[in-house]
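Single-letter residue listing:
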Amino acid sequence: MFKKIALYFLFVLLFLLGKFIFLSFHADIFDAYAAADWFAVLWYGLPHDLTCAGYIMALPFVLHLAFIWYKGDWHRLFMIFWLRLTLLLVVIIHLSDLFLYGFWGFRIDQTALTYFMDSPWECISQAPVWMLALSPFLIFGLWWLLQRLFCLFYPERRKGTRVMLDTTRRRKWQSAAALLLCGLVFLAIRGGVTQSTMNVGRVYFSSEMPLNQAATNPMFSLFHSMAHKHKDFAQQYRFMSADEAAAAYAELNTPSASCAIALADSVLSDSVMADSLRHAPLLRTTRPDIVLLILESFSGTACPAVCPDADSTIMPTVNRIYREGIGFGNFFANSFRTDRGCAAILASYPGQPNNSVMKDQQRCNNLQYLSRRLRENGYATNFLYGGDVDFTNMRGFLTAGGFERIKGDADYPASERKAEWGVPDHIMFNHLYDEVARRDTMRPTFTVMLSLSSHEPFDVEYHHFDDDFVNSIAYADSCIGGFIERIRQTPAWDNLLIIGVADHAFASYPAGLQNHELRRYRIPFFWTGGAISGPRIIDTYGSQTDIAATLLAQMGIRHDDFNFSKDMLDDSIGHYAFYAFSDGFGLVTDSCRYIQDNAKSGQGLSGTDDPDGFAERCGKAYLQTLYDDLSRR
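Bear in mind the structure is a predicted one, so any value in this text is a computation, not a measurement. All residue numbers refer to position in the chain's written sequence, counted from 1. Local features are withheld for residues below a pLDDT of 70 in this predicted model, meaning they are given only at 70 or higher, and side-chain atom pairs are given and counted only at 80 or more; totals for whole chains, interfaces and linings count all residues. Note that water and hydrogens are dropped before the side-chain values are worked out from all heavy atoms of the structure.

Engineer: Please give an account of the overall build of the protein that cites residues and values.
Structural biologist: If you tally the helices and strands in the protein, you get 22 helices and 11 strands. Out of the 633 residues in the protein, the part that is buried amounts to 57%. Contact definition: two residues touch when any of their heavy atoms are within 4.5 Å. Pairs at least 24 apart in sequence give 75% of the contacts found in the protein among residues at least 6 apart. Only DSSP runs of H or I covering at least 4 residues are called helices, and only runs of E covering at least 2 are called strands; the numbering of each starts at the N terminus. Categorising residues by exposure relies on relative accessible area from a 1.4 Å probe, with only protein chains included: less than 20% of the type maximum marks a residue as buried, more than 50% marks it as exposed, and the intermediate range marks it as partly exposed.

The structure is reproduced here in structure tokens:
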């Protein structure tokens, strides 16, 4: 029994060491914090470590009861097997979390496992080569060292044992002691004797989210999210009664008093001319040919037109479009991954904190699609992607969306698939040019292209910036510029509307950006082409889900059944942006903002500015309404 107690605390020490390694590995983030903060991470994260050690040692403690009454070598052999297995799991989870955090900005959870199980090669290929080469040696090297240390308590070979003749009375006392220790382990697993059981938010102690994330045990984060994966959507994120949620959601979608005053002041100060400009059509025609560019990881933090302090040399094409075309200045991504971004852009369905609607074919079949509505109004619909269109059930999603032609990497010559993810952007823009300039149909066309070169590992034939991500964004921007200059010289330009929008932003640019921060979700959204009526900047707050209603309204096409989409030029409705991150959400309007990690419920995160509680109440109502809708689909 004493060996198992020692092993329990050895696992706790191992988890504490893992936290210290995590803090050191991500020194670019955590060096900004004092030594006292590092110590606080270890101290406040200890409940998770005690719980995880309890889970690992629960079965050995229970089986010790059997060993008291049925002696034999089976117990030693089991312990060797159990320690080797669990230590391998510990090493794999901790190393995966260590590497993934730099890309995603949150601790490993069920999301990572889902993406890996869906397409393991696509996930592996985005990691740097050095990481892939080093990982097997790290995993098995650390595992070998740890199992040698832990198995000192249970050596592989027995050198002789002292046989003790246990009396029945002695065994009863041993059993009672073992039961007591089993109870203590259960309390460690449960998280104490309080009413609430152990959860992710139990270790949150700071207003700085990176410190809270560092305190989280990655094993607990992963298995806790897996255990809650299959909960009924209608039972998740219940913040208020159904009537209260409906009232707050309705209030959110009604113009605020401050907004109405601002509009009135604008009319008074700028006269009728300003009012007519605000309501002037964005398009010269109601049936343009449409090209929608979904741009991989195009962060607003790299675009001065969106974030004025950004480096102006990274996205010269997008910045020029903001001056010469139509640019949206307060536009946000709804989530943090491509599958969720595409669902928001093409189906006006907001991202969810713990779910990807694209992966659920049944629900995909019941969404409202921009592409399907355009097809109903005479459009030919095409989707181009240089990567695997079966990744995260994308083909099923696009088919449900009414796309008539879907082209992926397998539809292009092997000689063109030069990048890790497939066909690089400059080649794909050549194919897009052929599609648009030489279309063979009399129907208007809606063509979507999803770029890929600005995705990890950022392998592009372009070398102008030291930072790999920035270099890939600059490369993709140059591809956009080249395409626009070529297509401008063709007759197709006069009736062409080109829309560009990011699928999501990049988690790690600039360095130190936190996953929940508002600017993490700022993205470019622009219109250009011969079909636009003239240059304009639109500062209305909106997000990817608003693309469908805004475009369809300009085309005179019905869109009132797109429940989560708002016409950004309609002054009779409220304007805001909602975004979701792992188990959290943010809501921003022109006058307030609220950001919440649901593990730290009731406390707004850094960046919250909500003196009247409007954004908190309406943000919670929005998320609750979203999950009510999700449960019905």
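After presenting the structure, the write-up continues.
Engineer: Describe the packing of helix 19 (residues 425-437) against helix 20 (residues 468-488), and please don't skip the residues or the numbers.
Structural biologist: Where helix 19 contacts helix 20, the axes come no closer than 10 Å and their chain directions differ by 25°. Here helix 20 runs roughly parallel to helix 19, going by the angle between their axes. Considering how the two elements wind past one another, helix 19 and helix 20 form a crossing that is right-handed. Within the contact between the two elements, helix 19 uses D425, H426, F429, N430, L432, Y433, V436 and A437 and helix 20 uses Y475, A476, C479, I480, F483, R486 and I487. Considering only residue class, the contact of helix 19 with helix 20 consists of 11 nonpolar, 2 polar and 2 charged. Axis lines are fitted to C-alpha atoms, over the contacting stretch for helices. Their N-to-C directions set the angle, which ranges from 0 to 180 degrees. Any angle that is under 35 degrees is reported as roughly parallel, and any over 145 degrees as roughly antiparallel; angles of 65 to 115 degrees are reported as roughly perpendicular and all others as oblique. Handedness of a crossing is defined here by the sense of rotation of the near helix relative to the far one, left-handed for an anticlockwise turn of less than a right angle and right-handed for a clockwise turn. Gly is placed with the polar residues, together with every amino acid not listed as nonpolar (Ala, Val, Leu, Ile, Met, Phe, Trp, Tyr, Cys and Pro) or charged (Asp, Glu, Lys and Arg).

Engineer: Can you lay out a nonpolar patch on the surface for me, pointing to particular residues and giving the numbers?
Structural biologist: A grouping of L17, F20, I21 and F25 is seen on the molecular surface, where their side chains present a nonpolar patch of about 370 Å² in accessible area. Looking at where F20 falls in the secondary structure, it is placed in helix 1 (residues 2-25). Here, patches come from residues exposed beyond 30% relative accessible area and free of salt bridges, joined within 9 Å for like charges and within 5 Å for nonpolar side chains (Val, Leu, Ile, Met, Phe, Trp, Tyr). The protein chains shown are the only cover counted for residues, whose accessible areas, like all others here, come from Shrake-Rupley with a 1.4 Å probe. What makes a salt bridge here is a side-chain nitrogen of Lys or Arg within 4 Å of a carboxyl oxygen of Asp or Glu, nothing more.

Engineer: Mind laying out helix 3 (residues 35-44), listing which residues take part and the relevant values?
Structural biologist: Those residues of helix 3 not exposed but buried are W38, A40 and V41. The arc that holds the buried residues of helix 3, viewed along the axis, is 160°, so those residues lie on one side. Turned more than 90 degrees from where helix 3 packs its buried face, A35, A36, F39 and W43 sit exposed. Considering only its buried residues, helix 3 is in contact with helix 1, helix 2 (27-30) and helix 10 (209-215). The arc refers to the directions leading from the helix axis to the C-beta atoms.

Engineer: How would you summarise the confidence of the model for the protein if you had to cite specific residues and measurements?
Structural biologist: Residue-level confidence of the predictor is summarised by pLDDT, bounded by 0 at the bottom and 100 at the top. On average, residues of the protein carry a pLDDT of 85, and 86% of them reach 70 or more. Counted against residues more than four places away or in other chains, residues 257-277, with its pLDDT under 50, gives 11 contacts.

Engineer: Could you give me a rundown of unusual backbone geometry, with the residues and numbers involved?
Structural biologist: That bond from E456 to P457 is cis: its omega, 10°, falls within 30 degrees of zero. Among the structural elements, P457 can be located in the loop between strand 5 (445-450) and helix 20. Cis geometry is adopted by the peptide bond preceding P510, which originates at Y509 and carries an omega value of -5°. Its location among the elements puts P510 in the loop between strand 6 (496-502) and strand 7 (525-528). At S348, a residue that is not glycine, the phi angle is positive and equals roughly 55°. Within the secondary structure, S348 is located in the loop between helix 15 (338-347) and helix 16 (361-364).

Engineer: Please provide a residue-by-residue account of the side chain of E517, values included.
Structural biologist: Take E517: it is sitting in the loop between strand 6 and strand 7. Engagement of the side chain of E517 in a polar contact is seen with the backbone nitrogen of Q514, the distance being 2.8 Å. As used in this structure description, the phrase polar contact means that two N or O atoms lie within 3.5 Å; if the pair is within protein, one of them must be able to donate a hydrogen and the other to accept it, and residues adjacent in sequence are counted only when both atoms belong to side chains. Within the structure, E517 has its side chain in polar contact with the side chain of R519 (distance 3.3 Å).

Engineer: Summarise the pairing of strand 1 (residues 289-295); cite the residues concerned and give the values.
Structural biologist: Most of strand 1 sits out of view: 7 of its 7 residues are buried. Neither face of strand 1 is exposed, since D289, V291, L293 and L295 on one face and I290, L292 and I294 on the opposite face are all buried. Alignment of strand 1 against strand 6, held across 7 bridges, turns out to be parallel. If you follow L295 over to strand 6, its bridge partner there is A502. DSSP bridges decide pairing: two strands pair if at least two such bridges lie between them. The pairing of strand 1 with strand 5 spans 5 bridges and is parallel. Following the sheet pairing, I294 is matched in strand 5 by L450.

Engineer: Please set out the packing of aromatic side chains residue by residue, giving values where relevant.
Structural biologist: Centre distance within 6.5 Å is the pairing criterion for rings of Phe, Tyr and Trp, where only the six-membered ring of Trp is used; planes under 30 degrees apart are then read as stacked, over 60 as edge-to-face, and the remainder as tilted. Counted under the stated rule, the structure contains 37 aromatic pairs. Arranged with centres 4.3 Å apart and planes meeting at 20°, the rings of F469 and F506 form a pair that is stacked. Linking F469 in helix 20 with F506 in the loop between strand 6 and strand 7, this pair joins segments that are 37 residues apart in sequence. Across this residue pair, the class does not change: F469 and F506 are buried. For the ring pair F578 and Y622, a centre distance of 4.3 Å and an interplane angle of 25° mean the geometry is stacked.

Engineer: Got a sec to walk through the side chain of Q213? Specific residues and values, please.
Structural biologist: Tracing the chain through its elements places Q213 in helix 10. Not counting chain neighbours up to four residues away, the residues in contact with Q213 comprise Y101, G105, F106 and R107.

Engineer: Describe the pattern of salt bridges, listing the residues and the values that go with them.
Structural biologist: Scanning the entire structure with this criterion turns up 18 salt bridges. Between R617 and E251 there is a salt bridge whose closest N-O contact spans 3.1 Å. Highlighted residues: R617 in helix 22 (residues 614-632) and E251 in helix 12 (residues 242-252), separated in sequence by 366 residues. Residues R373 and E376 are paired through a salt bridge, measuring 3.0 Å at the closest nitrogen-oxygen approach. Residue R373 and its partner E376 are both found in helix 17 (residues 370-376); the two are separated by 3 residues, about one turn of the helix.

Engineer: I'd like a description of the sheet that holds strand 10 (residues 584-588), backed by residues and values.
Structural biologist: Taken in spatial order, the 3 strands of this open sheet run 9-10-11, and their pairing is antiparallel. Of all strands in the sheet, those with a lone pairing partner are strand 9 (577-581) and strand 11 (593-597), marking the two edges. Within the sheet, the average angular offset between the axes of one strand and its neighbour, ignoring direction, is 10°. Where strand 10 lies against strand 11, 5 bridges are found, and the strand directions are antiparallel.

Engineer: I'd like a description of helix 15, backed by residues and values.
Structural biologist: For helix 15, the buried fraction is high: 10 of the 10 residues fall into the buried class. Buried residues of helix 15: T338, D339, R340, G341, C342, A343, A344, I345, L346 and A347, and no others.

Engineer: Run through the nonpolar core, naming residues and quoting values.
Structural biologist: Here, nonpolar core means buried Ala, Val, Leu, Ile, Met, Phe, Trp, Tyr and Cys residues that are tied together by side-chain atoms lying within 4.5 Å of each other. Ranked by internal contacts, the top residues of the largest apolar core, which has 122 residues, are L346, F383, F397, F446 and W527. Among the elements that line this core, the one with the most residues is helix 20, at 11 residues. Discounting residues that sit within four places of it in the chain, L346 has contacts with L292, I294, Q368, Y369, L370, S371, F383, F397, L398, F403, F446 and V448. Grouped together as the second largest cluster of nonpolar side chains are 69 residues, F22, I80, L87 and L146 included.

Engineer: Tell me about the pairing of strand 9, residues and numbers included.
Structural biologist: Among the 5 residues that make up strand 9, 5 are buried, leaving the element largely enclosed by the rest of the structure. Here strand 9 folds back onto strand 10, and the loop between the two strands holds 2 residues, one of which, D583, carries a positive phi near 55°.

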